[in-house]
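Summary of the model geometry
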Amino acid sequence: MKSLEIIGFKRANLEKGELNQIREEGNVPCVVYGPGIKEQIHFYSPAILFRDLIYTPDVHMVDLNIEGTKVKAILRDAQFHPVSEVLLHADFLAFTEDRDIKMDIPVEIKGTSPGIIKGGKLEMKARTLKVKGLASNLPDRIPVDISHLDLGKSVKVSELSVEGFEILTSPNVSIATIGIPRALRGKKAE
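Residues numbered from 1 in each chain as written. Predicted model: local features only at pLDDT ≥ 70, side-chain atom pairs only at ≥ 80, totals over all residues. Heavy atoms only, no water.

The subject of this paragraph is the pairing of strand E9 (residues 128–133). Consecutive residues of a regular strand have side chains that alternate between opposite faces of the sheet. A one-sided burial pattern is seen for E9, the buried positions being Leu129, Val131 and Gly133 and the unburied ones Thr128, Lys130 and Lys132. Here six bridges tie strand E7 (residues 101–110) to E9, and the two strands are oriented antiparallel to one another. Bridge assignment links Met103 to a residue of E9, and that residue is Val131. Sheet analysis places E9 next to strand E12 (residues 165–167), joined by three bridges and oriented antiparallel. (Buried < 20%, exposed > 50% of the residue type's maximum accessible area, 1.4 Å probe, protein only. Helix = DSSP H or I, 4+ residues; strand = E, 2+ residues; numbered from the N terminus. Pairing = 2+ DSSP bridges.)

Below is the structure:
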């Protein structure tokens, strides 16, 4: 899995006025918590460092460097301003290599479907799947083969076979469906 480093600076004052000043300076207030550290750490980091972490479909492990303290973490939550969509706050979950973590991993469509060749349209029902496993076993993407799908058929989570981690998303959830266009629906009825 891809890794990204974010450099942070501790903040002791947790008041609202202090947070607004941090944001005005172009920084993002953050907190890191979880089993990978003894107590939660409040810090801030330059907003520019979050571009490759948040505005991408990929998932990343984050190497936090908070004034010399190194913490391995994942981005648990990000809060945005409702109008300007500026990043307001980020939560990180520190993890250890010997305990399972839960993450949303994106799916990657593989193959060419006969249904698409006949004029069908690929409809993505689930772009990510919730998984649980050791950080070292989690993949960048979960491959989903659609080469057997015909018109009106779908791939469900129960059809996937994975090793080294467990998929927590319900087995009945459809990942991708080959939709039947209106023009083809009329031909089937006749």
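Right, let's get into the nonpolar core. Counting residues in hydrophobic clusters, the biggest one holds 27 residues, and the most contacted among them are Ile101, Met103 and Leu129. Breaking this core down by element, the ones donating at least two residues are E7, E9, strand E10 (142–145), E12 and strand E13 (174–179). In terms of residue count, E7 provides more of this core than any other element does, four residues in total. By size, the runner-up hydrophobic cluster in this structure holds 20 residues, among which are Leu4, Val32, Leu53 and Leu87. (Core = buried A, V, L, I, M, F, W, Y, C linked by side-chain atoms within 4.5 Å.)

Another aspect to go through is the sheet that holds E13. With antiparallel pairing, three strands are arranged side by side in an open sheet as E8-E13-E11. Only two strands of the sheet have a single partner each, and these edge strands are strand E8 (121–124) and strand E11 (154–156). Sheet twist, expressed as the average angle between the axes of neighbouring strands with direction ignored, equals 15°. Alignment of E11 against E13, held across three bridges, turns out to be antiparallel. Counted as the bridge partner of Val155 is Ala176 from E13. (Axes fitted to C-alpha atoms, helices over the stretch in contact; angles between N-to-C directions.)

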